[in-house]
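Coordinate analysis (summary)
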Amino acid sequence: MTRVGLIANSKQIQSLLSVPDRQSSTRRATDFLDQALPTLDSLDQLEELLEQSRSRHEDLQAQLTSSDQQTRVLISNTRSSAADQLTTSQELSLLRHSLADELAELSNELVSVLYDEGRQPTLLEDIETLHRSLKELESVKSYVQVVQYGLKLSESAVSQAKSATSVSVSTVTIFRDLQKYVDKVASTCSQVEDGSGPRKLHVVEFLQKVRDRTWTDIKSALFTSLTTIAEKLGWPMNVNYAAAAPSDRKVFEDSFNNLLKLQTIGKEIGAEGASPRTEKNGLYPLQALVLPVSLRFKYHFEGTRQTNRLDKPEWYFTHVLNVAHEHRQFMEAVIQPLLASSEYKEINAWREFALLLLPLLSRKLRKTIPALLQSPSVLAHTIYQALSFDASFTEEGFQLQGTSIASIDDEEAKWDGISHVLLGNQQWFQAWLSGELKFVEGQYHEIIGASDAWAINDEAEGGSQATALKSTNSARRIKALFEQVTDRYSPLPSASQRIHFLITIQLPVLDSYMGRITSSLDAFETLSLAFVRAVPGALSFGSKGEGSINVNTQNLTTGVEGIQRLCKALLSAAHLEQALESWAEDLFFLELWSEIHHTPALRSLAGANPLLPQPGPENLEVPNDTIFEVFINRYTALVIRAENMIVQQVCNEVETQLKPHFSTSVPDPNASEGSQTPQAPLISQTLLAPLTILSTHLTYLLSTLSQTSFTALYRRISTSLSEHILHRQILFRGTLDVAEGRTILAECEMFVETCNGALTGAGGLPGGKARVEAPWAKLLQAGRLIALDGDLWDKVVDSTFGTASQDEWGEVMRTSTGHSELSRDTVRNVLRRRDDCHA
């Protein structure tokens, strides 16, 4: 029975045992009578009903008595059973506590000493500990026996090699036993596994090292024999082999051949292992001969002597070069014949010897460079010396072909150079690159900040006299700085390294200098508009050094000083443009651009840099553009901009001074219309100022610019002024008479004479006056037309407005004016300016 059922029965028993409620009984009896006797007529049934109730009462009373008896019996039995259950539960509880105490006591007795240092170990633990110790001792004994046997074989193998007078297979029998023993141990131990899977035991590694060291000791024993007799011959100094005693030479050759035989045997039995060959693994006898050289190198360059200086890497590079050079004759005359009679006849003795000298430098550099990272200048010097050593070593005749490191049929094996030790380390290369960048930036700012940075150097550079170009000091120095950087990194063997120098150092310098020139032109334009603004790095506008600003904008942007500042920008940009075109055709940069073009990694690097042109299609064998195409275009645009500003500046100044003259032009009072020989017209004083300005500017430009550049500017200036005067003085003014026409002609000829005089005084132009007059041809033709009179005037008017053919009209123009530059319609307009033209 569930707990809920027990509770329900308990409540029911309590309800049944409770005292009856009289009021409730009375109420139920009343309700029963009301229901059974609803009317007065029903009272007749009262007796019958009462009788039934009595009978019912007696039955219920009998049931109650029986129920009481059963209830008391049940309660008595229940109490008795409950008492028995309570006693049993108390006994079980006591038993449980007793068992818990016994279990705790037993558990405490089994606690290990590993968990409680205060307790004594159990007997079981003592037995287990002793068992483990026994197993470990057995393992150690086995381990020691394995190692002992291996060491014993090693010592015996070395002793056998030392006692042998001639090297043969029997000389290394014990070593072969050692090899087999090590292989057997390795094979046996390969079956050992732990929880993480198969693993290599340390005893195997130890025995393998013992085996390798044993072979090294065997070599060393024979090395000693060779070096001893070699030192007797004078090695490592120059050896006069022919002057040595025959017995010494015989011992030397036998020792040399013994080492060759040992190397051959080592190959056959696999003594060298499967490690790749390096510059340290050359022919055994040459390795032995390098040992005394190495000791001398360490004595001089790795000790405390004065020859060991970090800032003098050229000393140890030169030392190795000298050693290789001094012993070349000995290697070729003595060692090479010994190799020719062996299986190593394909080896070049001198190259092999030179190869074995390289680890001396590699070791020295690896120890030295970490101390140089904080000294960029010494680091750079060391790298330059390493590159120079590579070039000198190669020129001496060293290459990998003919050495043990290169296979016989490998004709393309290339030596990376000793510089690869430095440049192959990315951290060291970046340190060098950062140092070079810092140096170049310092030089650049020093160049730009110099007081004479923007002074024009009178020494012209260029091909012919006509194209010889002056430049500013800063442009020359920037060019020299660029070429200096190129000389520094051009020996680098890797195109990837070279392009990092180009992108990181050189291109930013060109871009920054171009920005300086651009800002100077921007400042000039700003000042021309009467807004004073200091532009960092612009050309010096003041007279007291760079950066000084004179608020008188007229003095800054007018006259010769204004043209001079524009010429500084022009010459600076033109000098760099010329240099860039020359560099672009240099073989070094052509090869670099070709390598970039055909190397995917370098193509992506160049494509991401806006200062380099976008590489063309990969299938092009030769790129269409050059590596400096972007900068050439930008500097060319700067040159064009500066030329345009010069032309505009000169023309604006002359035209400004012409305004008063145009506004005050009057007919010549001395001219007589009826005179047969008219007097020469007088030139207005207002024309002197513009002529003087024009002459001054032309003289300065001719003395500053190249002949070719000046000729182009002169044509543009003269053509612009000629058009301006033609329109203002002739085409777009009122009518004039012949006297005014003569005055205008005289003024036009005065411009030509002024130009001719200015240019003749400064050396002139090739072609004489005709070339000077050419840009003024239209103005001269128009001036001569309006100055004609008499029959010649009538002839020109008739042919122009008449029915003469174009050829006939052109011939009339040439005979009457000397020029035929104006169109026929323009000539008509010019002739209509005369008041006596009625066409």
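Residues numbered from 1 in each chain as written. Predicted model: local features only at pLDDT ≥ 70, side-chain atom pairs only at ≥ 80, totals over all residues. Heavy atoms only, no water.

In the annotation of an unreviewed UniProt entry, the entry for the protein chain reads RAD50-interacting protein 1, and the organism field reads Leucocoprinus birnbaumii.

1. Let's talk about the overall build of the protein chain
The line we're drawing: Strands here mean DSSP runs of E at least two residues long; helices mean DSSP runs of H or I at least four residues long; both are numbered from the N terminus. Only protein chains enter the area calculation, which uses a 1.4 Å probe; residues under 20% of their type maximum are buried, those over 50% are exposed, and those in between are partly exposed. By the convention used here, residues are in contact when the closest approach between their heavy atoms is within 4.5 Å. Method for areas: the Shrake-Rupley scheme with a 1.4 Å probe, in which residue coverage is limited to the protein chains shown.
Assigned secondary structure in the protein chain consists of 29 helices and four strands. Per-residue burial for the protein chain yields a buried fraction of 41% across its 839 residues. Contacts in the protein chain between residues at least 24 apart in sequence constitute 71% of all its contacts with a sequence separation of at least 6. Surface accessibility of the protein chain: about 45,900 Å² in total, with carbon and sulfur atoms responsible for 52%.

2. A word on the pattern of salt bridges
For the record, the criterion: Here, a salt bridge means any Lys or Arg side-chain nitrogen found within 4 Å of an Asp or Glu carboxyl oxygen.
One pass over the structure, following the stated rule, counts 25 salt bridges. Across the salt bridge formed by E436 and R488, the nearest N and O atoms sit 2.8 Å from each other. Taken as a pair, E436 in helix 14 (residues 426-449) and R488 in helix 15 (residues 473-489) lie far apart in primary sequence, 52 residues in all. Residue classification places R488 among the buried residues on the basis of a relative accessible area of 18%. Among the salt bridges present, the one from E749 reaches R784, with a minimum N-O distance of 3.9 Å. Here the residue E749 occupies a position in helix 24 (residues 738-761), and R784 occupies one in helix 26 (residues 777-786), the gap between them amounting to 35 residues. One salt-bridge network, in which partners are shared between bridges, spans D183, R211 and D212.

3. Here's the deal with the environment of T264
Heads up, the condition is: Any N or O atom pair separated by 3.5 Å or less is treated as a polar contact, with the protein-specific requirement of one donor-capable and one acceptor-capable atom, and with residues adjacent in sequence counted only for side-chain atom pairs.
Positionally, T264 belongs in helix 7 (residues 246-269). The class of T264 is buried, set by a relative accessible area of 17%. A sequence separation of 96 residues divides T264 from S168, and the C-alpha atoms of the two residues are 9.8 Å apart. If we skip the residues at most four places from it in the chain, T264 touches E343 and Y344. Only 3.3 Å separates the side chain of T264 from the side chain of Y344, close enough to count as a polar contact.

4. Observations concerning the packing of helix 18 (residues 559-584) against helix 22 (residues 688-704)
For clarity, the threshold we go by: The angle between two axes is taken between their N-to-C directions and runs from 0 to 180 degrees, where each axis is a line fitted to C-alpha atoms and a helix contributes only its stretch in contact. Working rule for angles: under 35 degrees goes down as roughly parallel, over 145 as roughly antiparallel, 65 to 115 as roughly perpendicular, anything else as oblique. Handedness of a crossing follows from how the near helix is turned relative to the far one, being left-handed for an anticlockwise turn of less than a right angle and right-handed for a clockwise one. As a working rule, the residues Ala, Val, Leu, Ile, Met, Phe, Trp, Tyr, Cys and Pro are called nonpolar, Asp, Glu, Lys and Arg charged, and the rest polar, with Gly in that last group.
Packing of helix 18 against helix 22 brings their axes to within 10 Å, and their N-to-C directions diverge by 25°. It follows from the interaxial angle that helix 18 and helix 22 lie roughly parallel. Two packed elements cross with a definite hand, and for helix 18 against helix 22 that hand is right-handed. Between helix 18 and helix 22, the contacting residues are G559, V560, I563, Q564, C567 and L571 on the first element and T696, H697, Y700, L701 and T704 on the second. Of the residues assigned to the contact of helix 18 with helix 22, the class counts are six nonpolar, five polar and no charged.

5. Points about the nonpolar core
Applicable threshold: Only buried residues count toward a nonpolar core, which is a set of Ala, Val, Leu, Ile, Met, Phe, Trp, Tyr and Cys residues joined through side-chain atoms within 4.5 Å.
Within the largest apolar cluster, 207 residues are counted, with the highest numbers of intra-cluster contacts made by F252, I335, F628, Y635 and W776. Those residues in contact with I335 that sit more than four places away from it in its chain are F252, F256, L286, L289, F330 and A349.

6. Side note on helix 6 (residues 202-232)
Note the following rule: In this scheme, a helix's expected span is set at 1.5 Å multiplied by one less than its residue total.
In a regular helix each residue adds 1.5 Å, so 31 residues correspond to 45 Å; helix 6 covers 44 Å between its end C-alpha atoms and thus fits that length. Looking one or two places after helix 6, you find G234, whose phi comes out positive at around 115°.

7. Here we look at a negative patch on the surface
Worth spelling out the cut-off: Think of a patch as exposed residues, more than 30% relative accessible area, with no salt bridge, where like charges cluster within 9 Å and nonpolar side chains (Val, Leu, Ile, Met, Phe, Trp, Tyr) cluster within 5 Å. In summary, the charge assignment counts Lys and Arg as positive and Asp and Glu as negative, without counting His or the chain termini. Taken as the charge location is NZ of Lys, CZ of Arg, CG of Asp or CD of Glu.
Taken together, the side chains of E47, E51, E58 and D59 define an acidic patch exposed on the protein surface. Mapped onto the elements of the fold, E47 is located in helix 3 (residues 46-109).

8. Digging into the packing of aromatic side chains
Rules: Ring geometry is summarised as follows: Phe, Tyr and Trp rings, the Trp one being its six-membered ring, pair when their centres sit within 6.5 Å, and such pairs are stacked at plane angles under 30 degrees, edge-to-face over 60 and tilted between the two. Counted as over-ring charges are cases with an Arg CZ or a Lys NZ within 6 Å of the ring centre that also lie within 35 degrees of the ring normal.
If you walk through the whole model with that rule in mind, you get 35 aromatic pairs. Look at Y489 and F588: their rings are 5.7 Å apart centre to centre, the planes differ by 65°, and that puts the pair in the edge-to-face class. A residue pair is termed long-range when its members are at least 10 positions apart, and Y489 in helix 15 and F588 in helix 19 (residues 587-598) qualify at 99 residues. Of the two residues, Y489 and F588, neither departs from the other in class, the shared state being buried. Pairing F631 with Y635 gives two aromatic rings, centres 6.5 Å apart and planes at 35°, and the pair type is tilted. Residue F631 and its partner Y635 are located together in helix 21 (residues 629-663), separated by four residues, close to a single helical turn. Cluster of aromatic residues (ring-pair linked, three or more members): Y384, F429, W432, F482, Y489, F501, W583, F588, F589 and F628. In this structure, R328 is placed above the aromatic ring of W350, and the distance from its NZ or CZ to the ring centre is 4.2 Å. Looking at R834, its charged tip hangs above the ring of W793, at a distance of 3.7 Å from the centre.

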